[in-house]
Amino acid sequence: MDRRTALGLGTVATAGAVFGTAMPAAADPTEQADRERLAARIAAAFHRVSSRAGGNWQAYVSLAGPDGPLVAVNESADLRIEAYSVNKIAVAVAVLDKVDRGLLALDHQVEVTEAIVVTGGDGIFSLDGAYPSLVTVGHVLANLLTVSDDTAVRLCGLVCPAAEINQILVAKGFPNTQVQPVANPNRFFLGTSTPRETHDLLRALVAGTLLSPASTDRVLRLLRSPVAFTDGVRREMSSAERARVATKAGWYADARHEAGVIFDTAGAPLVTYALFADGQADADDFGATHPAVQARARWGRRVMDLTAGVGGTGTTHRKHLYRPSNGG
């Protein structure tokens, strides 16, 4: 009987990546085996829901371990594809990098003109109906990462042009995570990434090596907020569980993507995921009933259950207290 059979891991295709992770001599063999088992179950859950949804899936998922992350899913992880709104995280990182270097301030104001507003898309700036107005960079980022505001992308371009965004991302080690410039240097399409690079960008973010502590907290607070995306991984979760998940979705045409981090109850990173799906059916359905979005919801609930009581590793990021208000 081989070791995979002894651990009850069956024939999950991507589980082989788990065993490719070297186990240092200092690691606890029992804990390592438990983590490998858990990573394989996370992989099995992914394959089950993605197969049911159909279409093309490119994904990279890791489980935190005492001696580094264990790869649970490695599915076409180095394929460079259109990332759509998942790349809004990368755009926010570039803007906040300028803040960290003192080249920009969160209270710097930008003008929302009628000409800059993207009509008919996602977000709230297009709903204002009264222009021009002035908003801060902080306000722009809040809308960019929570309600995935399309106009916020153009407003970011006013303070961090496309070429500068790409230069910052390359300097940080993400050459495939790039926006697509257009004729206007302050505008861009959201561009490309790979599942692995998006995963690694999120890992660097929670490790505190990407931005300052204040900027890191800002990004994670927005991605974990109650108003952030809830139709996918976070859908079948309590408010307390949702607060443990920092996530960003991206959708366009037949693609439905989502990437993020699940934290343990103490706030340490536990599971990092980049789930990209294209070639999907129901291209006109951008709601929670889309098969790929339903697949991510089932996977998120399953991962939350599988990892109950399991601790993450690395820097902890406390969740911010949610206090509903009744006005006044």
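Structural data are supplied above this passage.
Here goes a summary of the coordinates provided. (Residues numbered from 1 in each chain as written. Predicted model: local features only at pLDDT ≥ 70, side-chain atom pairs only at ≥ 80, totals over all residues. Heavy atoms only, no water.)

### Brief notes about the side chain of threonine 146
Then step 1. Within the fold, threonine 146 resides in the loop between helix 5 (137-145) and helix 6 (150-159).
Then step 2. From its side chain, threonine 146 meets the backbone oxygen of alanine 142 in a polar contact 2.5 Å long.
Then step 3. Leaving out residues up to four positions away in the same chain, threonine 146 has contacts with Leu222, Ser225, Val227, Ala228 and Phe229. (Helix = DSSP H or I, 4+ residues; strand = E, 2+ residues; numbered from the N terminus. Polar contact = N/O pair within 3.5 Å; in protein donor to acceptor, adjacent residues only side chain to side chain. Contact = heavy atoms within 4.5 Å.)

### Concerning the packing of helix 4 (residues 88-100) against helix 9 (residues 213-224)
Then step 1. Where helix 4 contacts helix 9, the axes come no closer than 10 Å and their chain directions differ by 150°. By the criterion of interaxial angle, the relationship of helix 4 to helix 9 is roughly antiparallel. The way helix 4 lies across helix 9 gives a crossing that is right-handed. For the pair helix 4 and helix 9, the contacting residues are Ile89, Leu96 and Asp100 in the first and Ser215, Arg218, Val219 and Leu223 in the second. (Axes fitted to C-alpha atoms, helices over the stretch in contact; angles between N-to-C directions. Parallel < 35°, antiparallel > 145°, perpendicular 65-115°, else oblique. Left-handed = near helix turned anticlockwise from the far one by under 90°.)

### Section: the sheet that holds strand 9 (residues 255-263)
Then step 1. If you trace the five strands from one edge of the open sheet to the other, you get 2-1-10-9-8, paired in antiparallel fashion. A single partner strand is all that each edge strand has here, and the edge strands are strand 2 (70-75) and strand 8 (245-252). Within this sheet the neighbouring strands show an average axis-to-axis angle of 5°, counted without direction.
Then step 2. One ladder, built from six bridges, connects strand 9 with strand 10 (residues 269-278); its direction is antiparallel. Within strand 10, the residue paired with alanine 259 across the bridge is alanine 274. (Pairing = 2+ DSSP bridges.)

### Digging into the sheet that holds strand 6 (residues 178-181)
In sheet architecture, strand pairing relies on hydrogen bonds along the backbone and comes in two forms, parallel and antiparallel.
Then step 1. Taken in spatial order, the three strands of this open sheet run 3-7-6, and their pairing is antiparallel. At either margin of the open sheet sits one strand with a lone partner, and together these are strand 3 (81-82) and strand 6.
Then step 2. Two strands pair when backbone bridges link them, and strand 3 and strand 7 (residues 188-193) are joined in this way by two bridges, in the antiparallel orientation. Residue pairing in the sheet places isoleucine 81 in a bridge with serine 193 of strand 7.

On their own, these measurements won't tell you what the molecule is for.
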